[in-house]
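Residue-level listing of the chains:
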Amino acid sequence: MVIVAVDGDRLVCVRQTRPGSGGVTLELPSGKIEPGENAASAAVRELAEECALGAEEWRELGRFWAVPAYSTELVHVFIASGLSPVSGARLDEDEDVDVERVSLVGVIQRLSDAVSIAALALWLEER
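Residues numbered from 1 in each chain as written. Predicted model: local features only at pLDDT ≥ 70, side-chain atom pairs only at ≥ 80, totals over all residues. Heavy atoms only, no water.

## Structural notes on the overall build of the chain
Quick note on the threshold: For helices the rule is a DSSP run of H or I covering at least 4 residues; for strands it is a run of E covering at least 2, with both sets numbered from the N terminus onward. With the radius of gyration taken over C-alpha atoms, the globule rule is written as 2.2 Å times the number of residues to the power 0.38. Here the term buried applies to any residue with accessible area under 20% of the maximum for its type, exposed to any over 50%, and partly exposed to those in between, with areas from a 1.4 Å probe on protein chains only.
Per the secondary structure count, the chain includes three helices and six strands. Helices and strands in the chain line up, N terminus first, as β-β-β-α-β-β-β-α-α. On C-alpha atoms alone, the chain measures out to a radius of gyration of 14 Å, which is about the 14 Å that the 2.2 N^0.38 rule sets for 127 residues. If one aligns the C-alpha atoms of the chain with their principal axes, the spans along those axes are about 40 × 30 × 30 Å. For the chain, buried positions account for 38% of its 127 residues.

The following block contains the structure:
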């Protein structure tokens, strides 16, 4: 699940160390859907945990397979707007996340992962 969190003319992104990349990446907020949890609840939880943000408006934009050749991961894309701070940021032990608001100008070239790029492309196509 991935979240396009819109804050005016900026998007909320996270910088974090990713071992597979060998460094720090810039991504849209995202996370796993826990057993017994639905995608919408996971999106709300992840935005609060990673970014200490809540949203007035939520909408599922679409879904796509991450890598259907070898993975069963179905990525749900959510749009969050009307953002406001919430308490309860709780990162996992292995997470080191910095929240950054990024201008829409050139953002797609700055993102580091395919899930973020695909989600942003879906959102930009809709706009």
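## As for unusual backbone geometry
Positive phi values are uncommon outside glycine, yet Ala-52 reaches one of about 55 degrees. Here Ala-52 is to be found in the loop between helix H1 (39-51) and strand E4 (53-65). Residue Ala-52 is classed as partly exposed on the basis of its relative accessible area, which comes to 23%.

## Quick look at H1
Inclusion rule: Here a helix's expected span is defined as the number of its residues, less one, multiplied by 1.5 Å. Contacts are assigned to residue pairs that have any heavy atoms within 4.5 Å of one another.
Relative to the 18 Å expected for 13 residues at 1.5 Å per residue, H1 spans 18 Å between its end C-alpha atoms, a close match to the ideal helical length. Within H1, ten of the 13 residues are buried, which leaves the element mostly enclosed by the surrounding structure. Where H1 is buried, its residues contact strand E1 (2-7), strand E2 (10-18), E4, strand E5 (74-85) and strand E6 (97-103). Ala-52 sits one or two positions beyond H1 and adopts a positive phi of about 55 degrees.

## Brief notes about the side chain of Ser-116
Locating Ser-116 in the fold gives a position in helix H3 (residues 114-126). If near-sequence neighbours (up to four positions away) are discounted, Ser-116 is found in contact with Glu-27, Leu-28 and Leu-111.

## Thoughts on H3
Short version of the rule: Regarding the arc, it is the one traced by the directions from the helix axis to the C-beta atoms.
In this model H3 runs 18 Å from its N-terminal to its C-terminal C-alpha over 13 residues, within 8% of the 18 Å that 1.5 Å per residue would give. Taken together, the buried positions of H3 are Ser-116, Ala-119, Leu-120 and Trp-123. All buried residues of H3 lie within an arc of 95 degrees about the axis, which places them on one face of the element. The exposed set on the far side of H3, more than 90 degrees from its buried face, consists of Ala-114 and Glu-125. Where H3 is buried, its residues contact E1, E2, strand E3 (23-27), E4, E5 and helix H2 (107-110).

## Some points on the nonpolar core
Selection rule: We call a set of buried Ala, Val, Leu, Ile, Met, Phe, Trp, Tyr and Cys residues a nonpolar core when their side-chain atoms join them within 4.5 Å.
In this structure, Val-4, Leu-11, Cys-13, Leu-28, Val-77 and Trp-123 are the most contacted members of the largest nonpolar core, which totals 18 residues. Going through the elements one at a time, E1, E2, E4, E5 and H3 are the ones with two or more residues in this core. Contact partners of Trp-123, with chain neighbours within four places excluded, come to Val-4, Val-6, Leu-11, Leu-61, Ile-79 and Leu-104. Met-1, Ala-43, Cys-51 and Val-97 belong to the second largest nonpolar core, which has 15 residues in total.

## Quick notes on the pairing of E1
The side chains of a regular strand alternate, first on one face of the sheet and then on the other. Keep this limit in mind: Paired strands, in this sense, are two strands between which DSSP finds at least two bridges.
For E1, the tally of buried residues reaches five of six residues, placing the bulk of the element in the interior. With four bridges joining them, E1 and E5 adopt parallel strand pairing. When the bridges of E5 are listed, Ala-5 appears paired with Ala-80. Note that E1 and E2 share two bridges and pair antiparallel. Note on E2: the bridge partner recorded for Val-6 is Leu-11. Counting the residues that bridge the hairpin from E1 to E2 gives two residues, and of these Gly-8 lies at a positive phi of roughly 65 degrees.

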